Amino acid sequence: MALLAEERQQSVASNRRHPTDTGSPEVQIGLLTARINALTEHLKGNDKDFHSRRGLLMMVGKRNRLLRYLAANEPESYSKLIARLGLRK
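Remember, it's a predicted structure, so these values are computed and weren't measured experimentally.

**Let's talk about the overall build of the protein**
Within the protein, the secondary structure is distributed over four helices and zero strands. Starting at the N terminus, the α and β elements of the protein follow one another as α-α-α-α. Scaling as 2.2 N^0.38, a compact globule of 89 residues should have a C-alpha radius of gyration of about 12 Å, and the protein matches this with 14 Å. Each principal axis of the C-alpha atoms in the protein carries an extent, and together these give about 40 × 30 × 20 Å. Taking all 89 residues of the protein together, the buried fraction comes to 34%. Taking all contacts inside the protein whose residues are at least 6 apart in sequence as the whole, residues at least 24 apart take part in 49%. Counting only carbon and sulfur atoms, one obtains 53% of the accessible surface of the protein, whose full area is about 6,200 Å². Where the 16 positive side-chain charges of the protein centre and where its 9 negative ones centre are 6 Å apart.

Shown next, in the form of structure tokens:
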């Protein structure tokens, strides 16, 4: 269920601010979105996996907090990220 190294590097590369950026809110949101999508696919086939479901809900909450932070501090970056990741906000 974990992301492969290539998927992780691709997500970081598509969301970073500068070539060495690995921890900005945009990168964190991109990585969380990839993990959420993978876990959602897992839960479609394993609907009784409640431990993973709790982890999914925690990731969604963390992503929402990061999105609120980004919207408050950098609205332009927020709108670009939402459009790029295809999130509904």
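Next comes the rest of the account.
**Some details on the pattern of salt bridges**
Taken as a whole and assessed by the stated rule, the structure comprises four salt bridges. We note a salt bridge from Glu-74 to Arg-17, for which the minimum N-O separation is 3.1 Å. Within this pair, whereas Glu-74 is found in the loop between helix 3 (50-73) and helix 4 (75-85), its partner Arg-17 is found in the loop between helix 1 (5-15) and helix 2 (25-45), the two being separated by 57 residues in sequence. Beyond isolated ion pairs, a larger network of salt bridges with shared partners links Arg-17, Glu-26 and Glu-74.

**Some thoughts on helix 2**
Under the 1.5 Å per step criterion, the end-to-end length of helix 2 is 31 Å for 21 residues, consistent within 8% with the ideal 30 Å. All buried positions along helix 2 are accounted for by Pro-25, Glu-26, Val-27, Ile-29, Gly-30, Leu-31, Leu-32, Thr-33, Ile-36, Leu-39, His-42 and Leu-43. Buried residues along helix 2 sit in contact with helix 1, helix 3 and helix 4.

**With respect to a positive patch on the surface**
On the surface, a cluster of positive charge is contributed by Lys-62, Arg-65, Arg-68 and Lys-89. Residue placement: Lys-62 occurs in helix 3. On the accessibility criterion, Lys-62 (40% relative accessible area) is partly exposed.

**Observations concerning the confidence of the model for the protein**
Per-chain confidence: the protein averages 95 in pLDDT, with 99% of residues scoring 70 or above. For the protein, per-element mean pLDDT is lowest for helix 1, which scores 94, and highest for helix 3, which scores 98.

**Some thoughts on the environment of Asp-21**
As for its position among the elements, Asp-21 is in the loop between helix 1 and helix 2. Asp-21 gets classed as buried once you look at its relative accessible area, which sits at 7%. A C-alpha to C-alpha distance of 30 Å links Asp-21 and Arg-53, two positions 32 residues apart in sequence. In contact with Asp-21, not counting residues within four places along its chain, are Val-12, Arg-16 and Val-27. Polar side-chain contacts of Asp-21 include one of 2.7 Å to the side chain of Ser-24.

Conventions we followed
Residues numbered from 1 in each chain as written. Predicted model: local features only at pLDDT ≥ 70, side-chain atom pairs only at ≥ 80, totals over all residues. Heavy atoms only, no water. Helix = DSSP H or I, 4+ residues; strand = E, 2+ residues; numbered from the N terminus. Rg over C-alpha atoms; globule rule 2.2 N^0.38 Å. Buried < 20%, exposed > 50% of the residue type's maximum accessible area, 1.4 Å probe, protein only. Contact = heavy atoms within 4.5 Å. Areas by Shrake-Rupley, 256 points an atom, 1.4 Å probe, with all protein chains shown as cover. Lys, Arg positive; Asp, Glu negative; His and termini not counted. Charge placed at Lys NZ, Arg CZ, Asp CG, Glu CD. Salt bridge = Lys/Arg side-chain N within 4 Å of Asp/Glu carboxyl O. Expected span 1.5 Å × (residues − 1). Patch = residues over 30% accessible without salt bridge, like charges linked within 9 Å, V, L, I, M, F, W, Y side chains within 5 Å. pLDDT = per-residue confidence, 0-100. Polar contact = N/O pair within 3.5 Å; in protein donor to acceptor, adjacent residues only side chain to side chain.

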